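In case you want the letters, here they are:
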Amino acid sequence: MPSTTPASKPIRQIDSERQLLCVLHGAISQHRDLWLNSGILHGNINLDTIRIGDESQGSLVYPHESIQPDPTFQSVMTLSESVLNSTGMPPKDYLDDLESFYYVLAYITIACTGPNAYLPSSALAVWVSNPTSREAVLKKEAMLIRNGLDSADFESNWIQRLLFLPLLSKFHRVLQCHYLRKLELAGGDVNAKPGLTSGEDGERERREETALIYERVLGLFEYMIGAVERTDALQKRNAAEREEEDEEVDVSEPVRLERRARRRARAMQAWHREVKKISRKYHSKR
């Protein structure tokens, strides 16, 4: 079992969009390595077990088995067994933990207003306030098997919805596809995708498929990290231009205000163009 020594602070205290992405990328990378090399599941991924380390490096802590898992971010299949008393469910695997990462990302993206500050989100109210209720599990499952979250669910302006909505959408599609496949296989659906080969060949196929799923998810985060860095650079350039405006002393106040308004309008237009360009490329990339 990996070390349970926590990093500096939990992910609930993230202070920027880039840090959020980097921390989740690091934690998912660690999870991939442990699953592929040792078959270790976490089972309790939440706002406290994902940690922020030095230079925004992300990691996971593995609580002692005696600690009760936080159901808020548990997978639908896990909760279906414990809350709905469903039977015949497939054994839990790495996809259940990836689903938990998705719920953490969704919660922070939608409800976070700053470091350790969160709105009482109406979009997620049921499964956050009472995650072990039947209604919460069914709503979470409906979100998973249908269309996931959309822009109307965003209640915080701290996170750029135009940038993060494509990430949530792509992540959701990965989980949705494999959740439905697991349901079909568990239910004996004759139209389900055939199982993998047995024996050593089957094990190799499973590892290759698993590695590809992790690669796809991590690739989503890597692309978004670059996108956020580009928009941050644009905003810094705009801020520098505003500082130059404030230092102008050879013009009257009305002229200064007019120039400032024009520059801010151009800066806002440039920022929106960049965000839309990134969003379009991201939708067509994967």
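Check the entry above for the structure.
Residues numbered from 1 in each chain as written. Predicted model: local features only at pLDDT ≥ 70, side-chain atom pairs only at ≥ 80, totals over all residues. Heavy atoms only, no water.

**Q** Describe the overall build of the chain, listing the residues and the values that go with them.
**A** Broken down by element type, the chain carries eight helices and five strands. Ordered by position from N to C terminus, the α and β elements of the chain give β-α-β-β-α-α-β-β-α-α-α-α-α. Counting over 286 residues, the chain shows a buried share of 47%. Of all intrachain contacts in the chain linking residues separated by at least 6 positions in sequence, the fraction that spans at least 24 positions is 76%. Accessible area for the chain stands at about 14800 Å²; split by element, carbon and sulfur atoms hold 49% of it. (Helix = DSSP H or I, 4+ residues; strand = E, 2+ residues; numbered from the N terminus. Buried < 20%, exposed > 50% of the residue type's maximum accessible area, 1.4 Å probe, protein only. Contact = heavy atoms within 4.5 Å. Areas by Shrake-Rupley, 256 points an atom, 1.4 Å probe, with all protein chains shown as cover.)

**Q** Give a detailed account of the environment of Leu 79, specifying residues and quantitative values.
**A** Structurally, the position occupied by Leu 79 is in helix H2 (residues 76-82). For the pair Leu 79 and Pro 131, spaced 52 residues apart in sequence, the C-alpha to C-alpha distance is 8.7 Å. Not counting chain neighbours up to four residues away, the residues in contact with Leu 79 comprise Pro 71, Gln 74, Leu 84, Pro 131, Val 137 and Lys 140.

**Q** Outline the side chain of Asp 97, listing residues and values.
**A** Within the element layout of this structure, Asp 97 appears in helix H3 (residues 94-111). Here the side chain of Asp 97 touches His 31 through a polar contact of 2.6 Å, side chain to side chain. Asp 97 has contacts with His 31, Leu 41, His 42, Gly 43 and Ile 45, leaving out every residue within four places of it along the chain. (Polar contact = N/O pair within 3.5 Å; in protein donor to acceptor, adjacent residues only side chain to side chain.)

**Q** Talk me through the nonpolar core; I want residue IDs and the actual numbers.
**A** Core analysis: the largest hydrophobic core is formed by 61 residues, its most contacted members being Ile 11, Ile 50 and Phe 101. Looking at this core, the elements with two or more residues in it are helix H1 (17-38), strand S2 (50-52), H2, H3, helix H5 (134-145), helix H6 (161-187) and helix H7 (199-246). It is H3 that provides the largest number of residues to this core, a total of 13 residues. Here Ile 11 is in contact with Leu 20, Val 23, Leu 24, Asn 46, Leu 47, Ile 50, Ile 52, Val 104, Ile 108 and Tyr 118, once residues within four sequence places are set aside. (Core = buried A, V, L, I, M, F, W, Y, C linked by side-chain atoms within 4.5 Å.)

**Q** Could you give me a rundown of the pattern of salt bridges, with the residues and numbers involved?
**A** In this structure the tally under the stated criterion is eight salt bridges. Ionic pairing is found between Asp 93 and Lys 182, a salt bridge with its closest N-O pair at 3.2 Å. In this pair, Asp 93 sits in the loop between H2 and H3 while Lys 182 sits in helix H6, placing the two residues 89 residues apart along the sequence. On the accessibility criterion, Asp 93 (18% relative accessible area) is buried. Residue Lys 182 is classed as buried on the basis of its relative accessible area of 12%. The network of salt bridges with shared partners includes Asp 93, Asp 96 and Lys 182. (Salt bridge = Lys/Arg side-chain N within 4 Å of Asp/Glu carboxyl O.)

**Q** A description of the sheet that holds strand S1 (residues 9-10) should follow, citing residues and the corresponding values.
**A** Across a sheet, strands are paired by hydrogen bonds formed along the backbone, either parallel or antiparallel in direction. Strand order across the open sheet formed by three strands is S1-S2-S3, with antiparallel pairing between neighbours. For this open sheet the edge positions go to S1 and strand S3 (58-60), each flanked by a neighbour on one side alone. The pairing of S2 with S3 spans three bridges and is classified as antiparallel. Among the inter-strand pairings, Arg 51 is bridged to a residue of S3, identified as Ser 59. Here H1 sits on the sheet and contacts S2 and S3; the angle it forms with S3, its principal contact strand, is near 45°. (Pairing = 2+ DSSP bridges. Axes fitted to C-alpha atoms, helices over the stretch in contact; angles between N-to-C directions.)

**Q** Break down a nonpolar patch on the surface for me, citing the residues and quoting the values.
**A** Residues Ile 145, Leu 180 and Leu 183 make up a contiguous nonpolar surface patch of about 200 Å² in total accessible area. If you trace the backbone, Leu 180 turns up in helix H6. (Patch = residues over 30% accessible without salt bridge, like charges linked within 9 Å, V, L, I, M, F, W, Y side chains within 5 Å.)

**Q** Go over the environment of Gln 13 with me, naming the residues and quoting the values.
**A** Within the fold, Gln 13 resides in the loop between S1 and H1. Beyond its immediate chain neighbours, meaning those up to four positions away, Gln 13 contacts Gln 19, Ile 52, Pro 115 and Asn 116.

**Q** Could you give an account of unusual backbone geometry, with specific residues and numbers?
**A** We note that Ser 56 has phi near 60°; this positive angle belongs to a residue other than glycine. Among the structural elements, Ser 56 can be located in the loop between S2 and S3. One non-glycine residue, Asn 85, lies in the positive phi region at around 55°. Mapped onto the elements, Asn 85 comes out in the loop between H2 and H3.

**Q** Help me get a handle on the environment of Glu 81, residues and values and all.
**A** Tracing the sequence through the fold places Glu 81 in helix H2. Look at Glu 81 and you get partly exposed, because its relative accessible area is 30%. Other than its neighbours up to four places away in sequence, Glu 81 contacts Ser 86, Met 89 and Lys 92. Looking at Glu 81, its side chain comes within polar contact range of the side chain of Lys 92, at 3.4 Å.

**Q** How would you explain H3 if you had to name every residue and give the values?
**A** Given a rise of 1.5 Å per residue, 18 residues ought to cover 26 Å, and the 26 Å separating the end C-alpha atoms of H3 matches this to within 8%. Among the 18 residues that make up H3, 18 are buried, leaving the element largely enclosed by the rest of the structure. With a side-chain oxygen positioned 3.0 Å from the backbone nitrogen of Leu 95, the residue opening H3 is Asp 93. (Expected span 1.5 Å × (residues − 1).)

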